Amino acid sequence: MSGYDVVIAGGGAAGLSGALVLTRARRRVAVVDAGLPRNAPAAHMHGFLSRDGMPPRDLLAAGRAEVEGYGGHLVDDRVVTIESGFRVVLAGGRSLDARRVLVATGLRDELPDVPGLRERFGRDVLHCPYCHGYEVRDRRLAVLGDATHALMVRQWSPEVTFLADTSAVTADERERLAARGIPVVEGKATGLVVTEDRLTGIQLDGGDVVACTAVFVRPRFVPNSRLLADLGCTLDENGWAVVDATGRTSVPGVWAAGNAVDPRAQVITAAGAGSAAAIAMNADLVEEDVRLALAAH
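In this report, the structure presented in the accompanying data block is examined. What you see is a predicted model, and the numbers here were worked out from it, not measured in a lab. (Residues numbered from 1 in each chain as written. Predicted model: local features only at pLDDT ≥ 70, side-chain atom pairs only at ≥ 80, totals over all residues. Heavy atoms only, no water.)

Some remarks on the overall build of the protein chain
No. 1: Per the secondary structure count, the protein chain includes eight helices and 17 strands.
No. 2: Each of the three principal axes of the protein chain carries a C-alpha extent, and together these read 80 × 35 × 35 Å.
No. 3: Here the protein chain holds 297 residues, and the buried ones make up 46% of them.
No. 4: Accessible surface for the protein chain amounts to roughly 14,800 Å². Of this, 51% is attributable to carbon and sulfur atoms.
No. 5: Counting 32 positive and 37 negative side-chain charges, the protein chain places the averaged centre of each group 4 Å from the other. (Helix = DSSP H or I, 4+ residues; strand = E, 2+ residues; numbered from the N terminus. Buried < 20%, exposed > 50% of the residue type's maximum accessible area, 1.4 Å probe, protein only. Areas by Shrake-Rupley, 256 points an atom, 1.4 Å probe, with all protein chains shown as cover. Lys, Arg positive; Asp, Glu negative; His and termini not counted. Charge placed at Lys NZ, Arg CZ, Asp CG, Glu CD.)

This is the structure:
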């Protein structure tokens, strides 16, 4: 089958949740996913009611099985472009025709330029204390380059060190950090110290090593919004698609959900956004079905 009511680009929590709602609404749905989820490095996900501690891959496997169980089609491929009229062209050469599209392609994390961070990201190099803070509670932690982030991480451990790295620390920030018992260490981070596959410290350019068992960083979140941009969807000054409460973009028939439009969305939030988008898309399709039926009546 090449013709669908909805084609979904991206099979993470948002895309699969949208697909589940739409297939249960008896819509013809295809989910196109390349199998490279953002949270793949993480061993477990947290904060998802009833699924806390579940490996991310297990959630996706369960979601895929549910979507298939209702007749949804899963396509292991990548969307390279969406042409006008919603012909969805895949990297493998196929094309799928859709009445509506949902873009749930997520975002990418641009980490600070410190050797070793990328390789340990999601293990003991972390960014979200709500996702991982409890697992490193009461340990010796470091926070790289963001004073506000350090004050947040302090909620999970009394042993937090702020590494200024390349950031300038204001007098107000120093006072706030000192009030919470967070020492400030100057110097640029040049690498990680890893012993027996465990993070034990951060190497500074002056030769000192700051001991820690985990380090929190603030990545730069970059939306995977090329498909939306190519479709002509309105983007804000930072490249994020502008959507309404249901994920509807400025282009009729195009919705977006999850980290593709919301950098703050966790797994549970992204799943909810996918569900909201699907309900709105089905209502839009119902209106079109009525118009077509009236014209043929």
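Still more ground to cover, so stick around.
Describing the nonpolar core
No. 1: Within the largest apolar cluster, 24 residues are counted, with the highest numbers of intra-cluster contacts made by Val 7, Val 79, Ile 82, Val 88, Leu 96 and Val 254.
No. 2: Within the residue set of this core, elements represented by two or more residues are strand 1 (3–9), strand 2 (29–33), strand 4 (79–83), strand 5 (87–90), strand 6 (95–103), helix 7 (226–231) and strand 17 (254–256).
No. 3: Looking at this core element by element, the count peaks at four residues for strand 6.
No. 4: Every residue in contact with Val 7, bar those within four places of it in the chain, is listed here: Ala 30, Val 32, Val 88, Leu 96, Asp 97, Ala 98, Arg 100, Val 101 and Leu 102.
No. 5: Core analysis: the second largest hydrophobic core is formed by 22 residues, Ile 8, Val 31, Ala 257 and Met 281 among them. (Core = buried A, V, L, I, M, F, W, Y, C linked by side-chain atoms within 4.5 Å. Contact = heavy atoms within 4.5 Å.)

Overview of the packing of helix 1 (residues 13–24) against helix 8 (residues 267–296)
No. 1: Two numbers describe how helix 1 lies on helix 8: the axes approach to 7 Å, and their chain directions differ by 40°. Both helix 1 and helix 8 take part in a crossing whose hand is right-handed. Contacts from Ala 13, Ala 14, Ser 17, Gly 18, Val 21 and Leu 22 of helix 1 reach helix 8 at Val 267, Ala 270, Ala 271, Gly 274, Ser 275, Ala 278, Ile 279 and Asn 282.
No. 2: Class assignment of the residues belonging to the contact of helix 1 with helix 8 gives a composition of nine nonpolar, five polar and no charged. (Axes fitted to C-alpha atoms, helices over the stretch in contact; angles between N-to-C directions. Left-handed = near helix turned anticlockwise from the far one by under 90°. Nonpolar A, V, L, I, M, F, W, Y, C, P; charged D, E, K, R; others polar.)

Some thoughts on the environment of Gln 203
No. 1: With respect to the helices, strands and loops of the structure, Gln 203 is situated in strand 13 (residues 198–204).
No. 2: We classify Gln 203 as partly exposed; its relative accessible area is 25%.
No. 3: Beyond its immediate sequence surroundings of up to four residues, Gln 203 is in contact with Lys 188, Ala 189, Thr 190, Gly 191, Val 193, Asp 208 and Val 209.
No. 4: A polar contact of 3.5 Å, which involves the side chain of Gln 203, links it to the backbone oxygen of Asp 208. (Polar contact = N/O pair within 3.5 Å; in protein donor to acceptor, adjacent residues only side chain to side chain.)

Some points on the sheet that holds strand 10 (residues 160–163)
No. 1: In spatial order, the strands read 8-15-9-10-11; together these five strands make up an open sheet with parallel pairing. Each edge of the sheet is formed by a strand with only one pairing partner; in this case those strands are strand 8 (125–126) and strand 11 (184–185).
No. 2: Here strand 10 runs beside strand 11; their pairing, made up of two bridges, is parallel. Of the residues in strand 11, the one forming a bridge with Leu 163 is Val 185. (Pairing = 2+ DSSP bridges.)

Thoughts on helix 8
No. 1: The end-to-end C-alpha separation of helix 8 is 43 Å, in line with the 44 Å expected for 30 residues at 1.5 Å each.
No. 2: Of all the residues in helix 8, the buried ones are Ala 270, Ala 271, Gly 274, Ala 277, Ala 278, Ala 280, Met 281, Asn 282, Leu 285 and Glu 288.
No. 3: Where helix 8 is buried, its residues meet strand 1, helix 1, strand 6 and strand 17. (Expected span 1.5 Å × (residues − 1).)

Brief notes about helix 2 (residues 56–69)
No. 1: Taking 1.5 Å as the rise per residue, helix 2 with 14 residues should run 20 Å; its terminal C-alpha atoms sit 20 Å apart, in good agreement.
No. 2: If you check which residues of helix 2 are buried, you get Pro 56, Leu 59, Leu 60, Gly 63 and Val 67. For helix 2, the angular spread of buried residues about the axis comes to 95°, placing them on one side. Seen from the open side of helix 2, the exposed residues pointing more than 90 degrees away from its buried face are Arg 57 and Gly 69.
No. 3: In this structure, the buried side of helix 2 is in contact with helix 1, strand 3 (73–76) and helix 8.
No. 4: Looking one or two places after helix 2, you find Gly 71, whose phi comes out positive at around 95°. (Arc of directions from axis to C-beta.)

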